[in-house]
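# Topology and contacts: notes
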Amino acid sequence: MLRFIHLSDSHISTPDFANYGHRSAPNLEAVVSAINALPFEVDFVLHTGDVVQNGAPEEYALARALLAPLRFPIRYVNGNHDASDLLQRELAGVQTPSARYDYTFSAKGVQIAVFDSANRRDHTGNLTDSQLDALRRLCTPEGAPLILVLHHPPLPLDTPWIDQGWQVPDRPPFGTMLLENWRAFQAAIAPARRRLRGVFFGHIHHAHQAWRDGVLYCAAPSTFGQLASRPEQSAPQPTPEQPAAFYVVSVNEAQVTVRQVSLPRPTSQPI
Ligand SMILES: [Fe+2]
């Protein structure tokens, strides 16, 4: 049985950085305490990106300090708010960072492949042609059970602001939150359908699950703050009443189980 924690979008900045009453640093501290207090073991913690808010060195120093007490190893994914080289060097311990932080590892006989979809200055993301080639080489019909991980959603989620982007008066239009070449992603992974145990991502600040062509897609909630994700919703909207949360994911031969753990919202934080 493979078991891991999926958390995302911690947006660490200054110690008191806040949005709609959510403070990112105390929230992450509370999440780390909650994970350490779990009465069972997990194989690793998976952070699907936007570890920090502005990609600044001092933000990575604070994130490293907040995550250091974790009693499980942590794996990182580059998000659009991250600075890939700093994330690789300061958090992941990579001596020579690559332009796109792609890597694979195995746990309990399951292969986990991480793809870096975020190298832009805005919230959009894609995979390069060479990343798609690597994805095709990976996604053969035969092989170990496989989990794919990236920051951007690689399929539509029945929410217009996520799927198509949105408009704000007097500003250029905001593009889609989806992986821009998500159709190419879907085509690349299709041969591995029977091996795939799930595709895990973040970016949208909302717990979201979808099922497409026999594959589970799972977006972790944010440890910072959630955004409303409703059908026909045309622009992102904070949901201050929703607390920080993370997933516990269990994978065995027969099935994948995803549980959400939500923290109590601290009453001392004004909305
Ligand atoms: Fe993001």
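Residues numbered from 1 in each chain as written. Predicted model: local features only at pLDDT ≥ 70, side-chain atom pairs only at ≥ 80, totals over all residues. Heavy atoms only, no water.

In an ideal octahedron of six donors the angles at the metal are 90 or 180 degrees, and in an ideal tetrahedron of four donors they are 109.5 degrees. Ligation of the iron ion by protein atoms is provided by Asp50 (OD), Asn80 (OD1), His151 (NE2) and His203 (ND1), these donors lying 2.1 to 2.2 Å from the ion. Viewed at the metal, the 4 donor atoms of the iron ion are separated by angles of 84 to 166°, and the geometry they form is irregular. The sequence motif formed by the donor residues of the iron ion is D-x29-N-x70-H-x51-H. In this pair, Asn80 sits in the loop between strand S5 (74-76) and helix H3 (84-91) while His151 sits in the loop between strand S8 (146-149) and helix H5 (160-163), placing the two residues 71 residues apart along the sequence. In this structure Asn80 comes out as buried when scored by relative accessible area, which is 12%. His151 gets classed as buried once you look at its relative accessible area, which sits at 0%. (Donors = N, O, S within 2.8 Å, 3.2 Å for Na, K, Ca; no water. Tetrahedral: all angles 85-135°; square planar, octahedral: opposite > 155°, others 65-115°. Helix = DSSP H or I, 4+ residues; strand = E, 2+ residues; numbered from the N terminus. Buried < 20%, exposed > 50% of the residue type's maximum accessible area, 1.4 Å probe, protein only.)

Moving on: helix H4 (residues 129-138). Taken together, the buried positions of H4 are occupied by Gln131, Leu132, Leu135 and Leu138. Around the axis of H4, the buried residues are gathered within 120° of arc, so they sit on the same side. For H4, the exposed residues lying more than 90 degrees away from the buried face are Asp129, Ser130 and Arg137. If you follow the buried residues of H4, they end up packed against strand S7 (110-114), S8 and helix H6 (182-189). (Arc of directions from axis to C-beta. Contact = heavy atoms within 4.5 Å.)

Turning next to unusual backbone geometry. Excluding glycine, residues mostly carry a negative phi; peptide bonds, for their part, are mostly trans. Although it is not a glycine, Asp9 adopts a positive phi angle of roughly 50°. Within the secondary structure, Asp9 sits in the loop between strand S1 (2-7) and strand S2 (18-19). By relative accessible area, which is 0% here, Asp9 ends up buried. The phi torsion at His11 lies on the positive side, around 50°, for a residue other than glycine. By the element assignment, His11 lies in the loop between S1 and S2.

By way of backbone hydrogen bonds, the strands of a sheet pair with one another, either parallel or antiparallel. Strand order across the open sheet formed by 5 strands is S5-S4-S1-S12-S13, with mixed pairing between neighbours. Across the chains shown, the open sheet's two edge strands, defined by having one partner strand only, are S5 and strand S13 (256-262). Neighbour-to-neighbour, the strand axes of the sheet open up by a mean angle of 25°, direction not taken into account. Here S1 pairs with strand S12 (residues 245-251) via 5 bridges, running antiparallel. Paired with Phe4 across the two strands is Val249, which belongs to S12. (Pairing = 2+ DSSP bridges. Axes fitted to C-alpha atoms, helices over the stretch in contact; angles between N-to-C directions.)

Quick look at the environment of Arg197 now. One can find Arg197 in strand S9 (residues 196-201). Not counting residues up to four positions away in its chain, the partners in contact with Arg197 are Pro145, Leu146, Ile147, Leu216, Val251, Asn252, Glu253 and Val256. Reaching out from Arg197, the side chain makes a polar contact with the backbone oxygen of Arg195 at a distance of 3.0 Å. (Polar contact = N/O pair within 3.5 Å; in protein donor to acceptor, adjacent residues only side chain to side chain.)

So, about the packing of aromatic side chains. Applying the stated criterion across every chain, the model contains 8 aromatic pairs. Aromatic side chains Phe44 and Phe105 sit 5.1 Å apart centroid to centroid with 80° between the ring planes, which places their arrangement in the edge-to-face category. Pair noted here: Phe44 is in strand S4 (residues 44-47) and Phe105 is in strand S6 (residues 103-107), with a separation of 61 residues, a long-range link. Phe105 shares its class with Phe44; the two are buried. Centroid distance Trp166 to Phe174: 4.8 Å. Interplanar angle 0°. Geometry classified as stacked. (Phe/Tyr/Trp six-rings, centres within 6.5 Å; stacked < 30°, edge-to-face > 60°.)

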